[in-house]
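Breakdown of the fold
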Amino acid sequence: WRGREGAPYSTLVPSDEVTINYRHGLPVITLMLPTRSERCQFTVKPVVTTVGAFLQDVQREDKGIERAEVFATDGSKVSDATLMEVLLMNDFKLVINNKAYSVSPPVKDKLSSEHATEMEDIKSLVHRLFVALHLEDHQIRKERELLQKLDHLKGELLPLEQMKARIMDSADAKTSRLLWVGLALMSTQGGALAWLTWWVYSWDIMEPVTYFITYGSAMAFYAYFVLTKQDYIYPHAKDRQFLHYFYRKSKKQRFNVERYNKLKDDLAEAEESLRRLRQPLQLRLPIQEINNKD
């Protein structure tokens, strides 16, 4: 076994000189300090500790260590930025000064069920602590973002709402005028038929006229059904005519109905998100529990 500069290291030290055991779910590396001639244990956090940090801890413990490096079994040097969790997945060689230690980490699958349970308990505890310490801050920050979004949407909607109100008033006025015109025409028709029946002609002459007028009205209602696929019901016909005037006026005044509807949907979604966010803040419950209740 040779180092980076080609100088041979001493014979590999038996693996029992460096041992790795798991205690409370964390790996404990035990090794013999070369200048102090005593065994020392290093407990590492594999998910946050790097190889470089571990080697610095070893050198701080024994000031006589001039070189501390880690190599893979194929002779390639392991980067100091590598996490210990990755390093402990395979065998490696720990070089301290001129001694090379062959290290064989225990396989995680062969860890006892007790250690595995302890590890899961630790992870669960860390997660609960993180939620307890940071969830409320996250909710307050999210609430501030939603309030800013609501102000922005309301600012964009205000001129559109004003324009929409003017267009709706105009369309409603036109629809009402059309209804009154229809009533006036029907009254005029009824009066004319009565006048022709009693003062100008007799019922014998006017009866066929009224028949064809009734038949023509039935044809008109049927044509309305063919064109609209709806029965001629007065409230529905009024709403249809209102929408016709509304969209025609919107196009003339360049009122973007699709953009208005999109802003309204975004506003409703933001308000609902804010309501659901404020509810757990008042009840001191996580959002997940609120979702389950819904």
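Because the structure is a prediction, the values reported are computed rather than measured. (Residues numbered from 1 in each chain as written. Predicted model: local features only at pLDDT ≥ 70, side-chain atom pairs only at ≥ 80, totals over all residues. Heavy atoms only, no water.)

**Some details on the nonpolar core**
What counts is decided by this rule: For the purposes of this section, nonpolar cores are sets of buried Ala, Val, Leu, Ile, Met, Phe, Trp, Tyr and Cys residues that join through side-chain atoms within 4.5 Å. For the exposure calls, accessible area comes from a 1.4 Å probe over protein chains only, and a residue counts as buried if that area is under 20% of its type's maximum, exposed if over 50%, partly exposed in between. For the purposes of this entry, the term helix denotes a DSSP run of H or I that reaches at least four residues, the term strand denotes a run of E that reaches at least two, and both are numbered from the N terminus.
Of all hydrophobic cores here, the largest spans 25 residues; its most connected members are Leu31, Phe54, Val70, Phe92 and Leu94. Every element with two or more residues in this core is listed here: strand E1 (19-23), strand E2 (26-33), strand E3 (38-43), helix H1 (51-61), strand E4 (68-72), helix H2 (84-87), strand E5 (92-96) and strand E6 (99-103). Top element by residues in this core is H1. It accounts for four residues. If you look at the next biggest cluster of nonpolar residues, it comprises 18 residues, including Leu146, Val257, Ala270 and Leu277.

**Some thoughts on the UniProt feature "transmembrane region" (unreviewed entry) in the protein chain**
This is how the line gets drawn: UniProt positions are given in the numbering used here, feature names are shortened, and annotations may be inferred rather than shown by experiment.
In the UniProt entry, the feature "transmembrane region" (unreviewed entry) is given for residues 178-197 and 209-227. Annotated as residues 178-197, this span is 100% helix and 0% strand, and its ends, taken at the C-alpha atoms, are 29 Å apart.

**Regarding the packing of aromatic side chains**
Using the following cut-off: Ring pairs shown here join Phe, Tyr and Trp side chains whose ring centres sit within 6.5 Å, with only the six-membered ring taken for Trp; geometry is labelled stacked below 30 degrees between planes, edge-to-face above 60, and tilted in between.
What the rule picks out here adds up to seven aromatic pairs. With a centroid separation of 6.0 Å and 85° between ring planes, the pair formed by Phe42 and Phe54 is classed as edge-to-face. Residue Phe42 is found in strand E3, and its partner Phe54 is found in helix H1; the two are separated by 12 residues along the sequence. The residues Phe42 and Phe54 share a single accessibility class, namely buried. Geometrically, the ring pair formed by Tyr211 and Tyr215 is stacked, given 6.5 Å between the ring centres and 20° between the ring planes. Here Tyr211 and its partner Tyr215 are both found in helix H4 (residues 203-228), four residues apart, which amounts to about one turn of the helix. Through a chain of ring-to-ring contacts, the aromatic side chains of Phe242, Phe246, Tyr247, Phe255 and Tyr260 assemble into a single cluster.

**Describing the layout of surface pockets**
For clarity, the cut-off: A pocket, in this scheme, is an open set of points on a 1 Å grid over the protein atoms alone with protein on both sides within 12 Å along at least 5 of 7 lines, while a cavity is a set where a 1.4 Å probe fits but cannot get out; residues line either one if an atom lies within 4 Å of a point. Grid points are joined across faces, edges and corners, and a volume is the space filled by probe spheres set on the points. Amino acid classes used here: Ala, Val, Leu, Ile, Met, Phe, Trp, Tyr, Cys and Pro are nonpolar; Asp, Glu, Lys and Arg are charged; the rest, including Gly, are polar.
Of the voids in this model, the largest pocket is the one considered here, and its volume is about 680 Å³. For the largest pocket, the lining is made up of 19 residues, of which Leu179, Gly182, Met186, Tyr232 and Tyr234 are closest to its centre. Within the residue set of the lining of the largest pocket, elements represented by two or more residues are helix H3 (113-200), H4 and helix H5 (234-253). Across the lining of the largest pocket, the residue classes break down as 12 nonpolar, five polar and two charged.

**Brief notes about the confidence of the model for the protein chain**
Note: predicted coordinates in regions of low pLDDT should not be interpreted at a detailed level. As a reminder, the rule being used: Values of pLDDT, ranging from 0 to 100, describe the predictor's confidence in every residue of the model. What makes two residues a contact is simply this: any of their non-hydrogen atoms within 4.5 Å.
In the predicted model, the protein chain carries a mean pLDDT of 77, and 79% of its residues have values of at least 70. The weakest mean pLDDT in the protein chain belongs to helix H7 (residues 287-293) at 45; the strongest belongs to E4 at 88. Confidence drops under pLDDT 50 across residues 1-11; counting only partners more than four residues distant or on other chains, this segment forms 24 contacts. Note on residues 281-294: pLDDT under 50 across the span, and 18 contacts to partners over four residues away in sequence or across chains.

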